[in-house]
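Summary of the model geometry
Residues per chain are reported as follows:
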Amino acid sequence: MGISSSLSNAISGLNAASRAADVVSSNVANALNENYARRELDLSARSLGGNGAGVKIDGISRMVDPVILSDRRAAQASQAGQTLRSDFLGEIEMAIGQPGESGSLADRIAGLEAALIEAAARPEAEQRLNNVLRAAKGVVDQIDAIADRIQGLRGAADASIGKDVTTVNDALQKVYKLNVDITKFDAAGRDTSALQDLRQTQVDRIASIVPLREAQRANGQIALFTTGGAILLDGLPAALGFSPVATITEDMTQASGALSGLTINGRAVATSGLYTPIAGGSLEAAFAVRDSQSVAAQSDLDALTRDLVERFQTSAADPTILDGDTGLFTDAGGAFTFDPGLGNDVGLSQRLRINALVDPEQGGALWHLRDGLGAPTQGPGGYSAGILALKEALTGTRVPVSGSFMGGARTFSGLASDFLSQIGAQGQAAQGDLAYATSRAETLRAMELSNGVDTDAEMQQLLLIEQAYSANARVIQTVDDMIQTILEL
Amino acid sequence: MNSVSSGDLAQRFALRRQMAELKTELTALTSESTTGVTSDVSGKVSGDFTALAGLNRSLQTLGALQVSANEAGVMADTMQDALGIVHDMITAAAPNLLQAGSLLNPTQLRTASVDARQKFSTVVAALNVQTGGRTVFGGIETGGPALASSNAMLDELLIAAAAETTATGIEIVVNDWFDLAGGGFETSGYLGNTERLGDFQITSSERVGLAVTADDPEIRAVLKALAMASLITQTGVAGNDTEGAKLAKKAGEAMLSAQQGLLNRRADVGLAQESIENASLRNSAEKASLEILRSRMLGVDPYDAQTALEATQNQLEAVYAVTARLASLSLVDFLR
């Protein structure tokens, strides 16, 4: 009470001011750090025995808005997932090629038709027959390239799942350790804000892969749950399990066991559908790309290939063969007969070949294009009906018997453009979704960042702190003078 | 202490994002205004490439159809020229033979017959015409000549008619040789294929047929008549003026009646020539209209593109100016 209490009050004030300067300096130093939550000093009046006794430092609080934080994490997860899906569709569209681009599927099919028309005008010209062969090989090569791309993207999705799972496991371990450290330091009364910043960064790493909710636990610890309901960290961290595959072929699926699924703590979980615990985020999107989007694309491509092969396996296309015999386009050299039990149309795109009978490089002869595959010897050079029949087979309308195409007869180039348009329409929709998710994520990030360090405000604070410090120092001086006055009596 | 503040990074984040957006827009607009074609085809057609694919396919096949039409045109012209020569030959030979047949003058008879033999040879050569290495009148056998040489045919006829001494007899032999199924002409005279050339595809929906062969009855009639006239001086009727004159008269009349059939064939080829020419015109008109359609589908109005480009440039400059200004607006600069 009295002078000594004023002294202790002033000293507590000095402490508070210097602590506040410390906070300000920390904030200003981290002004460019995006993973830093602005600190504020909490002060309250200290009371001893019911009487005021200066200022008490309650602690340092991190200015984090948990609502914006969790919304931003959810939006970033959605953005990451949509980016994966949209990129996949864009890649497939680029592999197929747009009509008008040289080397695109549509371009090559039209090239085959043009080569057949020119060959029909002069069927004895070997160069024209060679052009037909080259154009047909061009179609086969392009279909093969698209199929390879699809499986390549599948492999990339599989690899990205592996990477994501490793990242999540690593981050969960780090969060667990930070939880333990925060509890220890909190109990010892030290400032844990920096550790909390680190923990927030680690949780952010997980959040774009698997969207999650954070729950506060006792002693400054947090628990993490995915929005789909799986427990990632509650006391002890969960461990995600996944085994990547080196190369993926079209027959491998998760159902067949050739591709790995996801396990959490050793128990297998669904990776798709309404009740998957990893819903939203890039992990689910990668599974969707690997297990449903690319499978659908491969299936449609196989349906397109099947239509091509079956068009030429008729006696209408080639009077020298019977319906169902090996035609101009073959399944690895032989005829294609659909077997629903084997599902042998899967991967037909990769097995598509030109019949060896018409290819001089494989021991065949070009005149088979003109005279028919079943012709034993070369016929008269002016015979154009065979080539015109091939052209009619290509440009005639036919109802596709497999794939996700709507029924309705169309020409082969019409079917190919429908294939592209399906991918294209999905791609446009995905881009729209991505644009929405991106703008939402960016808006929330901007809102979160606006809670960050404002150097102007810190400078203003510094002015006040300076004033407070000098005022408290003045008080100490005055009290000192007062004591001196008494002592000099 | 609570304070109302706005973080530094928020402002920087927003400006950075705006700048990035404007720069990507700038690149897209630059390429659009220089090429005149939209830079985002997929977006322009809303992912539905059916119309564009159909259009491009038509444009590509129009090239091939034009080649086909040109070749059909050349073949038709060649055919028409050859048939013209044949027509001229029999129009010239017929009056000579008819005159020789009525005047009973042996010298005139011989002259007419030798002349007919030369014309026979010319006609056979005309019918063996090739264009670009393809025999025109041989059906689908385009490799070799359509007819055996005139001498070879006449030699065979001589052997067949060796025993005949009357005009009627020789006429019957010649008719049998040319007309009978499996007769001399079909086995050794006509070297082409009985199957005719297939139709040419000249537009996306039209085909034209040029199916005249040396095997046709109308051509055979011409060859018959000329062969008959050539045989006057070489067969059994050589010395016999009356029979020779009768044979000359028969040959001349046969030539006159063959003219009608020949004209019919020429008319067929003429119709084909006309179709081909119309098809060519239609093809080029279709090509022009498809290209206009494509530029309408994918094209960008250059005025709009330029205006948008300038607007984006101005916006970008404004963002730069704001960034520079805000950088200097800091309390730190004003404190001492």
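Figured I'd write up the structure that's included with this text. Quick caveat, the model's predicted, so the values are computed rather than measured.

What counts and how
- Residues numbered from 1 in each chain as written.
- Chains lettered and ligands numbered in written order.
- Predicted model: local features only at pLDDT ≥ 70, side-chain atom pairs only at ≥ 80, totals over all residues.
- Heavy atoms only, no water.
- Helix = DSSP H or I, 4+ residues; strand = E, 2+ residues; numbered from the N terminus.
- Contact = heavy atoms within 4.5 Å.
- Areas by Shrake-Rupley, 256 points an atom, 1.4 Å probe, with all protein chains shown as cover.
- Lys, Arg positive; Asp, Glu negative; His and termini not counted.
- Charge placed at Lys NZ, Arg CZ, Asp CG, Glu CD.
- Axes fitted to C-alpha atoms, helices over the stretch in contact; angles between N-to-C directions.
- Parallel < 35°, antiparallel > 145°, perpendicular 65-115°, else oblique.
- Nonpolar A, V, L, I, M, F, W, Y, C, P; charged D, E, K, R; others polar.
- Core = buried A, V, L, I, M, F, W, Y, C linked by side-chain atoms within 4.5 Å.
- Buried < 20%, exposed > 50% of the residue type's maximum accessible area, 1.4 Å probe, protein only.
- Buried area = accessible area lost by both parts, 1.4 Å probe.
- Salt bridge = Lys/Arg side-chain N within 4 Å of Asp/Glu carboxyl O.
- Polar contact = N/O pair within 3.5 Å; in protein donor to acceptor, adjacent residues only side chain to side chain.

Let us now look at the overall build of chain B. For chain B, the count of helices and strands is 11 helices and four strands. With respect to the principal axes defined by its C-alpha atoms, chain B has extents near 140 × 30 × 25 Å. Counted over contacts in chain B with a minimum sequence separation of 6, partners at least 24 positions apart contribute 79%. Of the roughly 16,000 Å² of accessible surface on chain B, 55% is carried by carbon and sulfur atoms. Within chain B, one finds 25 positive and 38 negative side-chain charges whose respective centroids are separated by 6 Å.

We now examine the packing of helix α4 (residues 106–127) of chain B against helix α5 (residues 150–160) of chain B. All names here are of chain B. With their axes 9 Å apart at the nearest point, α4 and α5 run at an angle of 125° to one another. Compared by their axis directions, α4 and α5 come out oblique. The residues of α5 that touch α4, namely those facing Arg117, Phe120, Ser121 and Val124, are Ser150, Asn151, Met153 and Leu154. Considering only residue class, the contact of α4 with α5 consists of four nonpolar, three polar and one charged.

All names here are of chain B. By size, the foremost hydrophobic cluster in this structure holds 65 residues, and its most contacted members are Phe137, Leu147, Leu223 and Met255. Among the secondary structure elements, those contributing two or more residues to this core are α3 (50–103), α4, α5, α6 (167–179), α8 (217–230) and α9 (241–298). With 14 residues, α3 is the single largest residue contributor to this core. Not counting the four nearest positions on each side in its chain, Met255 is found in contact with Ile90, Ala93, Ala94, Leu97, Ala225, Leu226 and Ala229.

Listed by partner, the interface residues are 52 residues for chain B and 59 residues for chain A. When chain B packs against chain A, close to 4,500 Å² is buried across both sides, 53% of that on carbon and sulfur atoms. Joining chain B to chain A, the criterion identifies eight salt bridges. Between B:Glu71 and A:Arg122 there is a salt bridge, with the nearest N and O atoms lying 3.8 Å from each other. The interface formed by chain B and chain A includes 22 residue pairs in polar contact (both at pLDDT 80 or more). Broken down by element, the residue count for the side of chain B that touches chain A peaks at 12 residues, all from α3(B).

Any functional reading would require information that these geometric values do not contain.
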